[in-house]
Amino acid sequence: QVQLVESGGGLVQAGGSLRLSCAASGRTFSSSVMGWFRQAPGKEREFVAAVGWSGGNTDYADSVRGRFTISRDNAKNTVYLHMNSLKPEDTAVYYCAATGTTGWGIIPKWGYRYWGQGTQVTVSS
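What this report covers is the structure whose coordinates are included nearby. Throughout, residues of each chain are indexed from 1 in the direction in which the sequence is written. The predicted nature of this model means local features are confined to residues of pLDDT at least 70 and side-chain atom pairs, given and counted, to a pLDDT of 80 or more, with totals for whole chains, interfaces and linings taken over all residues. Calculation of side-chain values draws on the structure's entire complement of heavy atoms; hydrogens and water are dropped beforehand.

## Side note on the nonpolar core
Step number 1: Counting residues in hydrophobic clusters, the biggest one holds 29 residues, and the most contacted among them are Leu-4, Met-34, Trp-36, Leu-81, Met-83 and Tyr-94.
Step number 2: Counting only elements with at least two residues in this core, the list comes to β3 (18-25), β4 (34-39), β5 (46-51), β7 (68-73), β8 (78-83), β9 (92-98) and β11 (119-124). The term nonpolar core refers to a set of buried residues drawn from Ala, Val, Leu, Ile, Met, Phe, Trp, Tyr and Cys, joined through side-chain atoms within 4.5 Å. Only protein chains enter the calculation, and the probe is 1.4 Å; a residue is then buried if its accessible area is under 20% of its type maximum, exposed if over 50%, and partly exposed in between. Elements are defined by DSSP. Helices are runs of H or I of four residues or more, strands are runs of E of two residues or more, and each kind is numbered from the N terminus.

See below:
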């Protein structure tokens, strides 16, 4: 079992930066692929980034590649999403998710067993 709590969201101007954090509890965090997803009003929840259990593997959506960086600190049971050069279209509720397994690859949303409650990110133009 993994419980996830996101923090770090807020209001930022276009071009600015934010760092989201996701604190996890539970023994399986360090052996779990972790991901960030986002959902804008009226849209489907979409993949943003993922990081493998050791931090060595990462993957990004094309829309954020080069601007966002995902990382994790297994000693602190925390995963981060560093967001730079933010755009108004990045406005969404951001969710942290965990698969509960070490398997790496293209993982669909249903492959993530555990989800946080989300944190709002609003980018003004």
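## Some thoughts on the state of the cysteines
Step number 1: Note on disulfides: each one is a pair of cysteine sulfur atoms within 2.5 Å. Tallied over the full model, the rule gives one disulfide.
Step number 2: Bridging Cys-22 to Cys-96, the disulfide has an S-S length of 2.1 Å. Residues Cys-22 and Cys-96 share a disulfide whose torsion about the S-S bond is about -80°; that sign makes it left-handed. Of the two residues, Cys-22 is situated in strand β3 and Cys-96 in strand β9; the sequence distance between them amounts to 74 residues. The two residues Cys-22 and Cys-96 agree in class, both being buried.

## Re the pairing of β11
Step number 1: Here β11 shows one buried face, formed by Thr-119, Val-121 and Val-123, and one open face, formed by Gln-120, Thr-122 and Ser-124.
Step number 2: In this description, strands pair whenever DSSP reports at least two bridges between them. Inspection of the sheet shows strand β2 (residues 10-13) paired to β11 by four bridges, in the parallel sense. The residue of β11 that forms the bridge with Leu-11 is Thr-122.
Step number 3: Bridging between β9 and β11 involves three bridges; their strand directions are antiparallel. Residue pairing for β11: Tyr-94 is matched across the bridge by Thr-119.

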